[in-house]
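# Structural overview for review
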Amino acid sequence: MSDEDPRHHQGLQQDLRVMMARAGRRQVLRWMAGASLIPWLGCGDDDDPTPDPSGCSRIPEETAGPYPADGSNGPNVLQQSGIVRSDIRASFGNTRTVAEGVLTTVTLTLVDVNDACAPLAGRAVYLWHCDNSGEYSLYGAGITNENYLRGVQETNSQGQVTFTSIFPACYSGRWPHIHFEVYPDLASATSSANKLVTSQLALPEAACDEVYATSGYSQSVANFQRVSLATDNVFSDGSSTQVATVTGSVADGYVVTLVVGIPG
């Protein structure tokens, strides 16, 4: 672009629009989530008040599965003191068992699909997933007294929550995934009856291949070879808004990011 082009000095918002035209809005939103830049997108600016017609996509409603521990089918970890936390690797309460596995940080950015992708602050997110052997705390054999890999966080002014965890296994019949529920606020995040949204994020193939080649994940290798996004019973109807962006390595840990579009 030449210096004479009037768009040359229009700043970050113009740069983001150019990036969206070239790479696609969804990919740019995922990058923005990791960089805490969602609020810069807005609906327009002083020079261009026209709303962005592409909007952001609403994440599909998905099953919570058989192991939510949200009070819907037995255990309710949401009512236990200590569930509001960012590091979910260890159990809390009567045990301090730490789930083993490759270090993984998960950041979700909640945006309003009805308000030009504006960040949603003050919502509560309950996130949970299986351990490196494919079992869920509070349900799996020998771990019904554990509550690791479960936690609640309140979204900040950028609409973000961040959890420190491990990379989940691939168990038979399912693509590697992470569950989450969204609640209006922390006060209401005590029972599944109050949730606004239930969904799941999918982990990309390349990162799964790297992790499952390490010790502790050996049983995931064969399971992963037998499943695909197209055959998974949750993601088979489309996963474009649910496949997270993952950066990092086994040695340094992984960073998982996803923009979650929901009605505000």
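For clarity, every value in this text was computed on a predicted model and none was experimentally measured.

### Some thoughts on the state of the cysteines
Inspection of every chain in the model, using the stated rule, returns one disulfide. Two residues share a disulfide in this structure: Cys-56 and Cys-117, whose sulfurs sit 2.4 Å from each other. The S-S bond linking Cys-56 to Cys-117 shows a torsion near -135°; that makes this disulfide left-handed. Taken together, the residues span a long stretch of sequence, with Cys-56 in the loop between helix 3 (38–41) and strand 1 (103–112) and Cys-117 in the loop between strand 1 and strand 2 (118–119) at a distance of 61 residues. Relative accessible area serves as the criterion here: at 14%, Cys-56 is assigned to the buried category. Relative accessible area serves as the criterion here: at 2%, Cys-117 is assigned to the buried category. Cysteine Cys-130 remains unbridged, with the sulfur of Cys-170 as its closest cysteine sulfur at 8.4 Å.

### Focus: helix 5 (residues 218–225)
Turning to helix 5, its buried residues are Ser-220, Asn-223 and Phe-224. An end-on view of helix 5 places all buried positions within 95° of arc, on one side of the element. Along helix 5, the residues that are exposed and aim more than 90 degrees away from the buried face are Ser-218 and Gln-225. Where the residues of helix 5 are buried, they touch helix 4 (205–212).

### Details of the side chain of Ser-137
Assignment of secondary structure puts Ser-137 in the loop between strand 3 (124–128) and strand 4 (150–154). Among the polar contacts made by the side chain of Ser-137, one reaches the main-chain carbonyl oxygen of Tyr-148 at a distance of 2.8 Å. Those residues within four positions of Ser-137 in sequence are excluded, and the remaining contacts are Ile-143, Glu-146, Asn-147, Tyr-148 and Arg-150.

### Some points on unusual backbone geometry
Despite not being glycine, Leu-138 has its phi angle at roughly 75°, a positive value. Inspection of the secondary structure puts Leu-138 in the loop between strand 3 and strand 4. Exposure remark for Leu-138: the relative accessible area of 14% places this residue in the buried category.

### Notes on helix 4
Within helix 4, burial applies to Ala-207, Cys-208, Val-211 and Tyr-212. Buried positions in helix 4, seen along its axis, are confined to an arc of 120° and lie on one side of it. In this fold, the buried residues of helix 4 make contact with helix 5, strand 8 (245–249) and strand 9 (253–262).

### A few points about the packing of helix 4 against helix 5
Axis separation between helix 4 and helix 5 bottoms out at 9 Å; the angle between their running directions is 145°. Residues Glu-205, Cys-208, Asp-209 and Tyr-212 of helix 4 form the contact with helix 5, whose participating residues are Ser-220, Val-221 and Phe-224. A class-by-class count of the residues in the contact of helix 4 with helix 5 yields four nonpolar, one polar and two charged.

Calculation rules
Residues numbered from 1 in each chain as written. Predicted model: local features only at pLDDT ≥ 70, side-chain atom pairs only at ≥ 80, totals over all residues. Heavy atoms only, no water. Disulfide = S-S within 2.5 Å. Helix = DSSP H or I, 4+ residues; strand = E, 2+ residues; numbered from the N terminus. Buried < 20%, exposed > 50% of the residue type's maximum accessible area, 1.4 Å probe, protein only. Arc of directions from axis to C-beta. Contact = heavy atoms within 4.5 Å. Polar contact = N/O pair within 3.5 Å; in protein donor to acceptor, adjacent residues only side chain to side chain. Axes fitted to C-alpha atoms, helices over the stretch in contact; angles between N-to-C directions. Nonpolar A, V, L, I, M, F, W, Y, C, P; charged D, E, K, R; others polar.

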